[in-house]
Amino acid sequence: MAVGTPFVASLPQCPLLPQCPLLGRGRRGLSGCPRAGKGSGCRKPPGKTGNARAAHGRECAPTPGTSRESLLRPHKLSAPMGSERLRCPRAVGGSWGQCQAATPAVAPCPARRCRGTGMLRWTRPLSSAGGGDTIFALSSAPGRCGVAVIRASGPGSRGALQSLTGTPKVPPPRVLALRRIRDPDTAETLDRGLVVWFPGPRSFTGEDCAELHVHGGPAVVSGVLRALGRLPGLRPAEPGEFTRRAFHRGKLDLTAAEGLRDLIGAETEAQRRQALRQMEGDLGQLYQRWSHTLTQALAHLEAFIDFSEDDNVEEGVLCQVDVTVRALEREIRGHLRDGRRGELLRGGVRAVIAGPPNVGKSSLLNLLCRRPAAIVSPTAGTTRDVLEVALDIGGYPLVLGDTAGLRAATDPVEREGVTRARDRLCHADLVLAVLDATSVSPTPGALGAALAALEPPPGTPCMLVLNKADLLGGLRGSLSAACARAPPEPPATLLSCKTGEGLESLLELLAQQLAQLCGDPLLGSPSLTQSRHSRHLGACAAALARFGRGDSGDLAVAAEQLRLARRELGRITGHVGAEDVLDIIFRDFCVGK
């Protein structure tokens, strides 16, 4: 046979399989079947001893129009893992593959016969010339659930989807399709679920992604994860690695990544609103606007430094730069003076129940959390340590702590409890001062004096809870009028922990206090939510404060201050020097996010 002429017609037909997935639909016989020999495929074409795999009794046949010389010439390509492999002439769609009888250095052919089943199954190599590894993880919550979502991201996600579904055809992008999920090694059905294919860059990570929506039983989830782990080129994802890949591919900045983490951990409506706003980029856009303003000011200043002697720059440039920088400094310092609203909303307002012994502090804690969280006893001094519970009050997060009664204790254990109560009181964001209503005078100024006796830290918001209102009798009216007075009296309310009377008024007053501390996350400019934001913004404002031409008129020093300020802003969003904070930010994510 002359070199360069097709020889497919000279190959015998495969006696076992009606169709070969390597030759296209409708073609009977496997003239190119890689399973030649031992009765499971096409035998060696006579006279083809020049092929490197002919000694094994079988070889890959070329596609129609492929010459014998091109078949014998190996195609050397760069394999994904950095090694060099041969490319099978029969590989479909440019994928890696070759005959079963190939040397171990070459990947297997996509069509393989499953042991003991007589069925063809599709195994597609899991890496591509795009490079990079492929990660997978359970993205939904662990444990029993109706539906579990398993995600894969990377160049091998398409091959993983094909291997587990047993077909070379993937669903249309971003369309759910019902498929049988099979073990690639045994072809055993693991589950029947929905699969979806997200080709990059239109995916969460910006890479090729695949998702398997399977039943959420532990056996099903572990079986699918084990099957993915046995595929070459795939590895389990580290915590936050999907989001980290999205950051590196420019799908979101660090503030948006932090917002996503907060959204996953949000427990109240206000937390959800704030996290969603940050995840959608409001905070990052604010910092980007400031960075753009600094960039323009720096460009004008450097232009004056370089070209002022040539009279190519207007004289008013320096004054305009100075006005811009001062206005930006005021805006940043105003942003820093937000009363920690974003941080309080994100982490919860830390409130302390304080007061003398045996006034109902533990009873108030149990009433608010609707369970017997604290031991209640008529004996004074029962509470010795700080007991905290997390509550949702009007959509705002509250971390409420019960403390020991404040008095001059003689018992060493109780004295330690009082010391801890004082320490917690000094660090509280809100103080709930509980008093016995029968011991408070309804005269003007009595409520303020009763609160001052507890010595709350100055500047900390306080509210009075007058417990045991069911014992007031005829004094209820005058004491209620005292509670309703406007400031400077502290906000106060009557309550009976025994009967529950006054609970609605207490919750309403508490929600008002929390709203004043946290603010509305949907109104105004976005709030600071991380301590690192405050740190970098403080350094930025300090650099802007040092900005100035100085007595010596050293504009180079002034330009350097603008560079430092711009660098601090870039560290918040991750556009400058982000590597040192990436691990801290992403390690708090769940594994599948």
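Residues numbered from 1 in each chain as written. Predicted model: local features only at pLDDT ≥ 70, side-chain atom pairs only at ≥ 80, totals over all residues. Heavy atoms only, no water.

Colleague: So what's going on with the overall build of the protein? Which residues, and what values?
Modeller: When you go through the protein residue by residue, the secondary structure sums to 17 helices and 16 strands. Per-residue burial for the protein yields a buried fraction of 48% across its 593 residues. Residue pairs at least 24 apart in sequence account for 64% of intrachain contacts in the protein once pairs closer than 6 positions are excluded. Accessible surface, the protein as shown: approximately 28,400 Å² in total, 53% of it carbon and sulfur. (Helix = DSSP H or I, 4+ residues; strand = E, 2+ residues; numbered from the N terminus. Buried < 20%, exposed > 50% of the residue type's maximum accessible area, 1.4 Å probe, protein only. Contact = heavy atoms within 4.5 Å. Areas by Shrake-Rupley, 256 points an atom, 1.4 Å probe, with all protein chains shown as cover.)

Colleague: Run through the nonpolar core, naming residues and quoting values.
Modeller: Counting residues in hydrophobic clusters, the biggest one holds 33 residues, and the most contacted among them are L364, L398, L400 and L432. When residues of this core are traced back to their parent elements, those giving at least two are α9 (341–347), β11 (349–354), α10 (361–369), β12 (387–393), β13 (396–402), β14 (430–436), β15 (462–467) and α14 (503–518). Once you skip the residues sitting within four places of it in the chain, L432 turns out to touch A351, V352, I353, A354, L364, L400, M463 and L510. Listed in part, the 29 residues of the second largest apolar core include L301, L328, C540 and F547. (Core = buried A, V, L, I, M, F, W, Y, C linked by side-chain atoms within 4.5 Å.)

Colleague: Tell me about the pairing of strand β7 (residues 177–182), and please be specific about residues and values.
Modeller: Residues in a regular strand project their side chains so that they alternate between the two faces of the sheet. Examined bridge by bridge, β7 and strand β8 (residues 189–198) share six bridges and lie antiparallel to one another. Along β8, the bridge assignment pairs A177 with V195. The turn joining β7 and β8, which pair antiparallel and follow one another in sequence, is formed by six residues; a positive phi near 65 degrees is taken by A187. (Pairing = 2+ DSSP bridges.)

Colleague: Give a detailed account of the pattern of salt bridges, specifying residues and quantitative values.
Modeller: The final tally for this structure, using the stated rule, is 30 salt bridges. One salt bridge in this structure joins R420 and D385, with 3.1 Å as the shortest N-O distance. Within this pair, whereas R420 is found in helix α11 (residues 412–426), its partner D385 is found in the loop between α10 and β12, the two being separated by 35 residues in sequence. By relative accessible area, D385 is classed as partly exposed at 42%. We note a salt bridge from R420 to E416, for which the minimum N-O separation is 3.1 Å. Taken as a pair, R420 and E416 lie in helix α11 at a separation of four residues, close to a single helical turn. Using a relative accessible area of 39% as the deciding quantity, one classes R420 as partly exposed. Residues participating in the shared-partner salt-bridge network are D133, E207, R235, E241, R245 and R249. (Salt bridge = Lys/Arg side-chain N within 4 Å of Asp/Glu carboxyl O.)

Colleague: For the confidence of the model for the protein, give the residues involved together with the corresponding values.
Modeller: Confidence in the prediction of the protein, expressed as mean pLDDT, is 77, and 72% of residues score 70 or more. Of the regions scoring below 50 in pLDDT, residues 1–130 engages in 233 contacts with residues more than four places distant in sequence or in other chains. (pLDDT = per-residue confidence, 0-100.)

Colleague: Which residues make up the sheet that holds strand β9 (residues 209–216), and what values do they have?
Modeller: In space, the six strands of this open sheet follow the order β7-β8-β9-β6-β5-β10, with mixed pairing throughout. Since the sheet does not close on itself, it has two edges, and those belong to β7 and β10 (234–236), each with one partner. Pairwise comparison of adjacent strand axes, ignoring direction, gives a mean angle of 30 degrees for this sheet. Where strand β5 (residues 134–138) and strand β6 (residues 145–153) come together, four bridges link them in antiparallel fashion. Residue pairing for β6: L138 is matched across the bridge by I150. On top of the sheet, helix α3 (residues 218–230) reaches β5, β6, β7, β8, β9 and β10; it is set at about 150 degrees to β9, its chief contact. Each of β5, β6 and β10 touches helix α4 (residues 241–248); the most contacted strand, β5, lies at about 135 degrees to it. (Axes fitted to C-alpha atoms, helices over the stretch in contact; angles between N-to-C directions.)

Colleague: Give a detailed account of the environment of L364, specifying residues and quantitative values.
Modeller: When you line up the elements, L364 lands in helix α10. Using a relative accessible area of 0% as the deciding quantity, one classes L364 as buried. Along the primary structure L364 and S496 are separated by 132 residues, whereas in three dimensions their C-alpha atoms are 9.0 Å apart.

Colleague: Can you lay out α3 for me, pointing to particular residues and giving the numbers?
Modeller: Compared with the 18 Å implied by 1.5 Å per residue over 13 residues, the 18 Å span of α3 between its first and last C-alpha is a close match. Those residues of α3 that sit buried are V220, V221, G223, V224, A227 and L228. One face of α3 carries all of its buried residues, which in axial projection span an arc of 165 degrees. (Expected span 1.5 Å × (residues − 1). Arc of directions from axis to C-beta.)

Colleague: Would you mind going over the packing of helix α5 (residues 254–265) against helix α6 (residues 269–279) in detail, with residue names and values included?
Modeller: Interaxial distance between α5 and α6 falls to 7 Å at its minimum, and their mutual angle equals 150 degrees. Taken together, α5 and α6 sit at an angle that is classed as roughly antiparallel. Crossing hand, α5 versus α6: left-handed. For the pair α5 and α6, the contacting residues are T255, A256, E258, G259, L260, D262 and L263 in the first and R272, A275, L276, Q278 and M279 in the second. (Parallel < 35°, antiparallel > 145°, perpendicular 65-115°, else oblique. Left-handed = near helix turned anticlockwise from the far one by under 90°.)

Colleague: Residue-level account of the sheet that holds β15, with values.
Modeller: Within the open sheet, the six strands sit side by side as β12-β13-β11-β14-β15-β16. Their pairing is mixed. On the outer flanks of this sheet lie β12 and β16 (492–494), each paired with one strand and no other. Within the sheet, the average angular offset between the axes of one strand and its neighbour, ignoring direction, is 25 degrees. Taken together, the seven bridges between β12 and β13 define a ladder with antiparallel strand orientation. When the sheet's bridge partners are listed, A390 is paired in β13 with V399.

Colleague: Explain the pairing of β9 residue by residue, including any values.
Modeller: Of all eight residues that make up β9, six are buried, and the element is covered over most of its length. Of the strand pairs in this sheet, β6 and β9 are connected by eight bridges, and their pairing is antiparallel. Across the sheet, the residue bridging to C145 is G216, located in β9. Bridge count for β8 against β9 is five bridges, and the pairing is antiparallel. Across the sheet, residue W197 finds its bridge partner in β9, namely A210.

Colleague: For the packing of aromatic side chains, give the residues involved together with the corresponding values.
Modeller: In the structure shown here, the tally under the stated rule is one aromatic pair. Plain terms: the ring middles of Y287 and W290 are 5.6 Å apart, the flat faces sit at 45 degrees to each other, and that makes the pair tilted. You can see Y287 and its partner W290 sitting in helix α7 (residues 282–307), three residues apart, about one turn around the helix. W290 shares its class with Y287; the two are buried. Above the ring of F242, the side-chain terminus of R151 is found at 5.3 Å from the ring centroid. (Phe/Tyr/Trp six-rings, centres within 6.5 Å; stacked < 30°, edge-to-face > 60°. Lys NZ or Arg CZ within 6 Å of the ring centre and 35° of its normal.)

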